[in-house]
Structure formats: C-alpha cells, structure tokens
Amino acid sequence: MQDLDPSTTGLIDPFGRAVTYLRVSVTDRCDLRCVYCMAEDMTFLPKKEILTLEELDRLCGAFIALGTDKIRLTGGEPLVRKGVMTLVRSLGARIGAGGLRELTVTTNGTQLTKMAEDLYAAGVRRINVSMDTLDPGVFAAVTRWGKLEQTLDGIFAAKAAGLAVKINAVALKGVNEDEFDRMVAWCGEHGFDLCLIETMPLGDIGGDRTDQYLPLSLVRSRLRKTWTLEDTDYATGGPARYVTVKETGGRIGFITPMTHNFCESCNRVRLTCTGTLFMCLGQDDAAEFRDLLRAPSTDDAVLAQAIREAITRKPKGHDFVIDRRHKRPAVARHMSMTGG
Ligand code: SAM
Ligand code: SF4
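Keep in mind it's a predicted model, so treat the numbers as computed, not measured.

S.K.: Provide a residue-level description of the site of ligand 2, including the pertinent values.
M.R.: With respect to spatial proximity, the complete set of residues near ligand 2 consists of C30, L32, R33, C34, C37, G76 and N108. For the shell around ligand 2, the class distribution of residues is four nonpolar, two polar and one charged.

In structure tokens, the structure reads:
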C-alpha cells in the first residue's frame, strides 16, 4: 500500500510545516460585487486561461497523493462555475482512508437552494457562507448586486440538507459594526458558527480601504459587554481563533491577519483557477501549473516533483500593511483570484 505519512512522502515546507490543506479557486467570476473584494466593473479572465474541470481535478489528485487531506473549493463564486458539481463529485469520491478527510466549499450562498442537496450527496459536510449583515439594505450596499433573502434561503437550504454552516462576516467600519451582537444571537439560535474576518488589502477595489478597516480586537471587546466569551481549543486547521459564547453555546472565530500573525501554524497553499499556486495569501511568489498540465510529456511524477519544488518556496509569513500614504493594496491580486 502507498505510504501517505507526510513525514516521508508528504509536503513539508522549509519551516517544518506540513502542507495538507489546498484551497482551490475554481473561477474568478462571481454573481456579486462585494465592495471589499471586487470593483464593480471587473474584467474577468478569458476561458482559455482557466483550467478545465478535468485539469483542476488532476492537479487536486496530485496534491492528494502527496498527503493533502483537506480541500476547500472557493472563488470567485465556486457554485456559479458551469459543471462545478462534476468536480465536487470527483473530489468527494476521494474522501476516505488514504485520501481526503474533508471537502468543503466557501460560497456566497446564492446557488444553495439549488445545490445544497447535491453538495451533501457528493460528500460535503460543512460549508462557509459569506454574509456580512442581516440588514437587507446594508446587504444590498455591501454586495452591490445581492439580495439578502436569496442568501438566507440558501443558508437554510444548506441546513435542511444536513450541512454544517459557518457564517463568514467581514468586519467593516461604519457598515456592519453595530450588528455583531445581533449576528451572534442569530447564529446561536440557528446553530451556525460565526467567523469574523478583518479586511485584507488584496486587489484594487476602486476605493479607499483604510476607510473599511475595523480591528477585531475592538469588535471582541465590544462583544464582551453583552456575551460571555470563553476561550476554547477548538480549531479547524484554519487561521481562526475561536471562543465559545456561553449564552448560546455557539462559537465565534476571529481571523485577524492585520492584528495577529497567524502564519506559524499555516498548513495551506492556494491554487487559482488559472493553475497558479500561491504558497502564501500575502506574498506574490507563485508556481505555474497550467503549461505543465497541458504539456503531453507531463506525467504524474513530473507533476508531483513540481508541487514539491513549489512547497520548498513557501515563505515564513505574510506582511500585510494597508499603505496609508499611497492607499495601495499590499498585494495586487484580488481575493477572488486566490479565494479567501
Ligand atoms: N464567493 C465566495 C464567498 O463570498 O464566500 C467565495 C470567495 S470569497 C473571495 C471568500 C471569502 O473572502 C469571503 O468570506 C469574503 O468575505 C472574503 N473576502 C473577500 N475579500 C476580502 C478582503 N479584502 N478582506 C477580507 N476578506 C475578504
Ligand atoms: Fe463574490 Fe465572494 Fe468576492 Fe463577494 S466576496 S464579490 S461573493 S467572490
């Protein structure tokens, strides 16, 4: 039998971190235009630059053979990519001993009324749904093109299908900062975890990011006025630090790239829909896989070697700074490229 112990065959970076988690952005396109993520008039990539679903599947398979045991599909909006369920099913079939431990999806929820049951049937058990506010007007303003009701319907369809739901909310100064008590109560009531995210300076969004930035240290101290937040060891292998809300029994995760360095325990790399592998969300160094995948001479051994080589370049950490003087993003690519 093939030995999948990461210490012998798996991917270990130069800092001794086992890389076992692959996030895959399956499309750069989206049906929404969230203000912190995209400009309204985004130009998307031509089709020939995008990996086919078969190419994505092959590359994911190569990572799994090297010990990757968790894959998250993201985007853009992963569920708007045509035929995406064929990829989900193929990856879902690799869940089990020697393969994936978990297959998850991050989505804006707009397609979930149609797709939640199929996701569950394919082996997905947990999803993250991004919803920054429970106020329909604020939701419309933040997403530019979204309707809160559609996302809520999607969330409840996911719950009904048996999926565990985590709500992702980006903390935005002056936009949703008064709503977190309500969201904690709402998530507690419905059995959803809540994950609060600081805005990260990724990509030109056609506006000023310093206006949006709200440190979660402040959010957390405000929440403490209403809720008893108890520290917990709960971890999902991601960068979030969790607390339990005593009053609801629910959990709140805090993702604080700007105020807290979460890099020491980073176990992940990110693949874009064009076959570019970023070893760190906050750095520009990358490895290109598209040409390699399309070259007839590339067999599985060549692919595996290229992945190993990329992992030797995984940097120690990121260096996010919202540049206040120049108002430039720290990293030029959008979150919708590397998929959050
Ligand atoms: N479309 C899907 C969604 O919205 O969940 C998946 C892709 S989206 C890029 C993944 C996550 O990144 C979302 O939770 C979104 O709120 C978050 N995000 C996007 N841009 C961000 C930014 N500049 N800073 C922090 N989080 C961001
Ligand atoms: Fe689309 Fe997600 Fe970006 Fe919003 S955060 S624009 S839903 S990719």
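S.K.: Could you give an account of unusual backbone geometry, naming the residues involved and the relevant values?
M.R.: With a phi angle near 65 degrees, R144 is a residue other than glycine that sits in the positive phi range. Relative to the elements of secondary structure, R144 occurs in the loop between helix 4 (136-143) and helix 5 (148-161).

S.K.: Provide a residue-level description of the nonpolar core, including the pertinent values.
M.R.: In this structure, I71, L73, M131, I167, L196, L223 and L277 are the most contacted members of the largest nonpolar core, which totals 76 residues. Sorting elements by how many residues they give to this core places helix 1 (residues 53-65) first, with seven residues. In this structure L277 touches L22, F63, V269, R270, L271, D285, A286, A287, F289 and A310, once residues within four positions along its chain are discounted. Within the second largest apolar cluster, 19 residues are counted, among which are C34, Y36, V170 and I255.

S.K.: Account for the packing of helix 3 (residues 112-122) against helix 5, with residues named and values stated.
M.R.: Their axes nearest at 8 Å, the elements helix 3 and helix 5 cross at an angle of 25 degrees. If you check the angle between helix 3 and helix 5, you find them roughly parallel. Relative to helix 5, the crossing made by helix 3 is right-handed. Mapping the contact onto sequence places L112, T113, A116, E117 and Y120 in helix 3 and D153, G154, I155, A157, A158 and A161 in helix 5. Residue composition of the contact of helix 3 with helix 5, grouped by class: seven nonpolar, two polar and two charged.

S.K.: Before we move on, can you summarise the pattern of salt bridges with the specific residues and values?
M.R.: According to the stated counting rule, one finds twelve salt bridges in the structure shown. The closest approach of N and O atoms between E102 and K70, which form a salt bridge, is 3.8 Å. Of this pair, E102 sits in strand 3 (residues 102-107) while K70 sits in strand 2 (residues 70-74), placing them 32 residues apart in sequence. Taking relative accessible area as the criterion, K70 reaches 4% and is therefore assigned buried.

S.K.: With reference to specific residues and values, describe the packing of aromatic side chains.
M.R.: Scanning all chains against the criterion turns up four aromatic pairs. Ring centres of W186 and F192 lie 5.5 Å apart, and the angle between their planes is 55 degrees; on these two criteria the pair is classed as tilted. W186 gets classed as buried once you look at its relative accessible area, which sits at 14%. Each member of the aromatic cluster is reached from another via a ring pair, and the members are F156, W186 and F192. Lying across the ring of F254, R220 places its NZ or CZ 4.4 Å from the centre.

S.K.: I'd like to hear about the site of ligand 1, residue by residue, with values.
M.R.: Surrounding ligand 1, one finds 19 residues, the nearest of these being Y36, G76, E77, S130 and M200. Between ligand 1 and S130 there is a distance of 2.5 Å, counted from an oxygen atom to a side-chain nitrogen or oxygen. Expressed as a share of its isolated accessible area of 550 Å², the protein-covered part of ligand 1 is 95%. When the residues that make up the shell around ligand 1 are grouped by side-chain class, the tally is six nonpolar, ten polar and three charged.

Criteria and thresholds
Residues numbered from 1 in each chain as written. Chains lettered and ligands numbered in written order. Predicted model: local features only at pLDDT ≥ 70, side-chain atom pairs only at ≥ 80, totals over all residues. Heavy atoms only, no water. Near = heavy atom within 4 Å. Nonpolar A, V, L, I, M, F, W, Y, C, P; charged D, E, K, R; others polar. Helix = DSSP H or I, 4+ residues; strand = E, 2+ residues; numbered from the N terminus. Core = buried A, V, L, I, M, F, W, Y, C linked by side-chain atoms within 4.5 Å. Buried < 20%, exposed > 50% of the residue type's maximum accessible area, 1.4 Å probe, protein only. Contact = heavy atoms within 4.5 Å. Axes fitted to C-alpha atoms, helices over the stretch in contact; angles between N-to-C directions. Parallel < 35°, antiparallel > 145°, perpendicular 65-115°, else oblique. Left-handed = near helix turned anticlockwise from the far one by under 90°. Salt bridge = Lys/Arg side-chain N within 4 Å of Asp/Glu carboxyl O. Phe/Tyr/Trp six-rings, centres within 6.5 Å; stacked < 30°, edge-to-face > 60°. Lys NZ or Arg CZ within 6 Å of the ring centre and 35° of its normal. Polar contact = N/O pair within 3.5 Å; in protein donor to acceptor, adjacent residues only side chain to side chain. Areas by Shrake-Rupley, 256 points an atom, 1.4 Å probe, with all protein chains shown as cover.

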